[in-house]
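For reference, the chains in residue letters:
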Amino acid sequence: DARVTQTPRHKVTEMGQEVTMRCQPILGHNTVFWYRQTMMQGLELLAYFRNRAPLDDSGMPKDRFSAEMPDATLATLKIQPSEPRDSAVYFCASGPGQGDEKLFFGSGTQLSVL
Amino acid sequence: QQQVKQSPQSLIVQKGGISIINCAYENTAFDYFPWYQQFPGKGPALLIAIRPDVSEKKEGRFTISFNKSAKQFSLHIMDSQPGDSATYFCAASNNNAGNMLTFGGGTRLMVKP
């Protein structure tokens, strides 16, 4: 049963600390997305990779957020330094690409910054 | 700029009734319109999707109606069941812009037994 795996599922940290969220996309998928979900803003696109290359990160606060794909099986989203307003659920999604627009979401990382 | 507007924000329907959720979009370049279903503690999951070359698509109890001229599309859930209680998101993307999904604000559906 192929699925997108995200770790950790929950993270509580203090303001100013670095946070790293990890995502293992579905094997064979060549598009990876990071979304942030909050009650106020809904689902916001943060970053988008195709074949591990970053194509769009316009929705991401550049001063504190960074997204990378060190290899095809791992995508990371880092926040440094974290702030209370970063508290949200962060989702990773992967898709087959190549004209197939379906996206498969992980279960998310619930981040609380105190 | 909110490119996909969804309504209502919340909806309560009796078991067996029809649930209707509406979305409107602004970008005429959008060419793929999926609906996602999200249960608490889970990520959104693709429910059904439509392209603008058809006006309706049905899969089981779920139907998308699409009105290209009005730039609107809607999800109809027939014979709604308590197990359908979830948050539903419409979305849209443009194949020429990398297929990045823009989501509506979501509708929290509750189906009362």
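Structure's up top.
Note that the structure is predicted; figures quoted are calculated from it, not measured. (Residues numbered from 1 in each chain as written. Chains lettered and ligands numbered in written order. Predicted model: local features only at pLDDT ≥ 70, side-chain atom pairs only at ≥ 80, totals over all residues. Heavy atoms only, no water.)

(A) Focus on the interface of chain B and chain A. Each partner contributes to the interface: chain B provides 17 residues, whereas chain A provides 18 residues. Taking both partners together, chain B and chain A bury about 1500 Å²; carbon and sulfur atoms supply 56% of that area. If you look at where chain B meets chain A, you find 1 salt bridge. Note that glutamate 101 of chain A is salt-bridged to arginine 51 of chain B, the shortest N-O span being 2.5 Å. At the junction of chain B and chain A, the tally comes to 5 residue pairs in polar contact (both at pLDDT 80 or more). (Contact = heavy atoms within 4.5 Å. Buried area = accessible area lost by both parts, 1.4 Å probe. Salt bridge = Lys/Arg side-chain N within 4 Å of Asp/Glu carboxyl O. Polar contact = N/O pair within 3.5 Å; in protein donor to acceptor, adjacent residues only side chain to side chain.)

(B) Highlighting the nonpolar core. All names here are of chain B. Counting residues in hydrophobic clusters, the biggest one holds 24 residues, and the most contacted among them are Phe33, Trp35, Phe73, Leu75 and Tyr88. Top element by residues in this core is strand 9 (residues 86-92). It accounts for 4 residues. In contact with tyrosine 88, not counting residues within four places along its chain, are Gln6, Ile21, Tyr36, Gln37, Leu47, Leu75, Ile77, Gly106, Thr107 and Leu109. (Core = buried A, V, L, I, M, F, W, Y, C linked by side-chain atoms within 4.5 Å. Buried < 20%, exposed > 50% of the residue type's maximum accessible area, 1.4 Å probe, protein only. Helix = DSSP H or I, 4+ residues; strand = E, 2+ residues; numbered from the N terminus.)

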